[in-house]
Amino acid sequence: MRLDSQKEEVNSLNCLECDAELAIPSDAIQGEVITCKDCNSTYELVREQSGTLFTLRPAELEQEDWGE
Ligand SMILES: [Zn+2]
C-alpha cells in the first residue's frame, strides 16, 4: 500500500503505544481495525460525535460475539 502518491483526505493518528503514525483511510468506517506496523497493537476506529474524525480505541484480543 502506497500512501505517498496521492494524498487526499487521509487522516493519521498516532499509535498509543509507540507513537508511530497510523494512516487512516479516507473511506475508513466505524469499527474498522487498524494495526500498528511498528508494534502490532490493534486499534478500533471510533468516530467522534462531533465530526468526521476518528479516535483510537485499543482493540480487545478476545473476539466479541459477532453472531457466528
Ligand atoms: Zn505502535
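Structure: see above.
Residues numbered from 1 in each chain as written. Predicted model: local features only at pLDDT ≥ 70, side-chain atom pairs only at ≥ 80, totals over all residues. Heavy atoms only, no water.

1. Some details on the pattern of salt bridges
Within the structure shown, the criterion is met by 1 salt bridge. A salt bridge links Glu44 to Arg57; the nearest nitrogen and oxygen atoms lie 3.1 Å apart. Here Glu44, found in strand S4 (residues 42-47), pairs with Arg57, found in strand S5 (residues 54-58); they are 13 residues apart in sequence, far enough to count as distant. What makes Glu44 partly exposed here is its relative accessible area of 22%. What makes Arg57 partly exposed here is its relative accessible area of 45%. (Salt bridge = Lys/Arg side-chain N within 4 Å of Asp/Glu carboxyl O. Helix = DSSP H or I, 4+ residues; strand = E, 2+ residues; numbered from the N terminus. Buried < 20%, exposed > 50% of the residue type's maximum accessible area, 1.4 Å probe, protein only.)

2. Points about the coordination of the zinc ion
Here the zinc ion is held by the protein donor atoms Cys15 (SG), Cys18 (SG), Cys36 (SG) and Cys39 (SG), which lie 2.3 Å from it. For the zinc ion, the 4 donor atoms are set out with angles of 106 to 114 degrees between them, so the coordination reads as tetrahedral. We note that the donor set of the zinc ion lies within a single chain, spaced as C-x2-C-x17-C-x2-C. A relative accessible area of 3% places Cys15 in the buried class. Cys18 gets classed as partly exposed once you look at its relative accessible area, which sits at 34%. (Donors = N, O, S within 2.8 Å, 3.2 Å for Na, K, Ca; no water. Tetrahedral: all angles 85-135°; square planar, octahedral: opposite > 155°, others 65-115°.)

3. Considerations on the sheet that holds S4
Within the open sheet, the 3 strands sit side by side as S3-S4-S5. Their pairing is antiparallel. A single partner strand is all that each edge strand has here, and the edge strands are strand S3 (33-35) and S5. Each neighbouring strand pair of the sheet contributes to a mean axis angle of 40 degrees, computed without reference to strand direction. Note that S3 and S4 share 3 bridges and pair antiparallel. Within S4, the residue paired with Val33 across the bridge is Glu44. (Pairing = 2+ DSSP bridges. Axes fitted to C-alpha atoms, helices over the stretch in contact; angles between N-to-C directions.)

So yeah, pure geometry; function would need other evidence.
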